[in-house]
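Residues per chain, in single letters:
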Amino acid sequence: MPSYTFVSTVNAFVLRGAIPVFCDIREDNLNIDENLIESLITKKTKAIVPVHYAGVACEMDKIISIAQQNGIYVIEDAAQGVSAKYKGKHLGSIGDIGCFSFHETKNFSMGEGGAICLNKEEFFERAEILREKGTNRSKFFRGQVDKYTWVDIGSSYLPSDLLAAVLWCQFEHLNQIQEKRKQIFDAYLKGLLPLQDNGLLRLPIIDDLSGFNYHMFYIIVNSEKERNGLMDSLRTQGVYSVFHYIPLHESEYFKKHYSVVKLPITENLSRRLLRLPMYYSMNTDHYFQVIDSIIRFLNT
Ligand SMILES: *Cc1c(COP(=O)(O)O)cnc(C)c1O
């Protein structure tokens, strides 16, 4: 898996005793570098975990083929990729398992929550048991057993119906929400292009806009100092921008438990990236203010 990701990606595996192996990312879209994966595979490798960063698809054809050659699983972290596509297929539906998040920062939100997409029938029954506290209660509800009991480990991975209703009505307005995000994304792209032409920052590089879900808009400036300065300057003007992530291989927990790893592209880009505000109720004045503030800061 990439080290340039949110902690949930790695926790899912470490909580079950797996050892994470981090792979560097691509300079262009910050996704896992599919050309580096093979060299990291050993006899112990169980799965490749591509993270579709910012809603942009990883090179799934190559990743799936590496996995097939090595007899291992592909588990997609499509947390940011809801409704985005790779060559016409929805992200999260391509590998053996796909994971989605409906955290407040995502395009569609239920506050906290997520979903899993299983592409192999052999996973269905156990998944139902795991999310129902390790019981076969789902079978009981369907009338397939006359009582339910503890059959495996599990937990209560069930979002409440109330939160699901909040999420559902956003799906009913999916096109409207996506259209708004596209509008903000396009305005940022157009407004900041002169800065890229002058070598002051780098804008997102997206090969296939037709499959993109406009999840995130980020800029990459020329140094960490400049990034932090810009973030502070925006904050004083009431604009909340954030950087992410502290690469997992540089985290406190990783350094305490595993041996040193060097991932030059991850280290370089993560120090220079800034994520700009993007939310449904954002209006034209809001995003033009952000653009103006960035232009003023970087031009002086
Ligand atoms: C949001 C996100 C997750 C999931 O976060 P949860 O808080 O567990 O829903 C996982 N991976 C990435 C890349 C994310 O952005």
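Q: How would you summarise the pattern of salt bridges if you had to cite specific residues and measurements?
A: This model, assessed by the stated rule, comprises 13 salt bridges. One salt bridge in this structure joins glutamate 34 and arginine 26, with 3.0 Å as the shortest N-O distance. Judged on exposure class, the residue glutamate 34 and its partner arginine 26 are both buried. Between aspartate 152 and arginine 126 there is a salt bridge, and its shortest N-O distance comes to 2.5 Å. Here aspartate 152 is found in the loop between helix H5 (137-141) and helix H6 (161-172), whereas its partner arginine 126 is found in helix H4 (residues 124-131), with 26 residues between them in sequence. For aspartate 152, a relative accessible area of 22% translates into the label partly exposed. Through salt bridges with shared partners, one network takes in Arg26, Asp28 and Glu34.

Q: So what's going on with the sheet that holds strand S9 (residues 273-275)? Residues and values would help.
A: Spatially, the 3 strands line up as an open sheet ordered S7-S8-S9, and their pairing is antiparallel. The strands lining the two open edges of the sheet, one partner per strand, are strand S7 (201-202) and S9. Summarising the sheet, strand S8 (residues 218-221) and S9 pair through 3 bridges and their orientation is antiparallel. Within S9, the position partnered with isoleucine 219 by the bridge is leucine 274. On top of the sheet, helix H8 (residues 224-236) reaches S8 and S9; it is set at about 20° to S9, its chief contact.

Cut-offs applied
- Residues numbered from 1 in each chain as written.
- Predicted model: local features only at pLDDT ≥ 70, side-chain atom pairs only at ≥ 80, totals over all residues.
- Heavy atoms only, no water.
- Salt bridge = Lys/Arg side-chain N within 4 Å of Asp/Glu carboxyl O.
- Buried < 20%, exposed > 50% of the residue type's maximum accessible area, 1.4 Å probe, protein only.
- Helix = DSSP H or I, 4+ residues; strand = E, 2+ residues; numbered from the N terminus.
- Pairing = 2+ DSSP bridges.
- Contact = heavy atoms within 4.5 Å.
- Axes fitted to C-alpha atoms, helices over the stretch in contact; angles between N-to-C directions.

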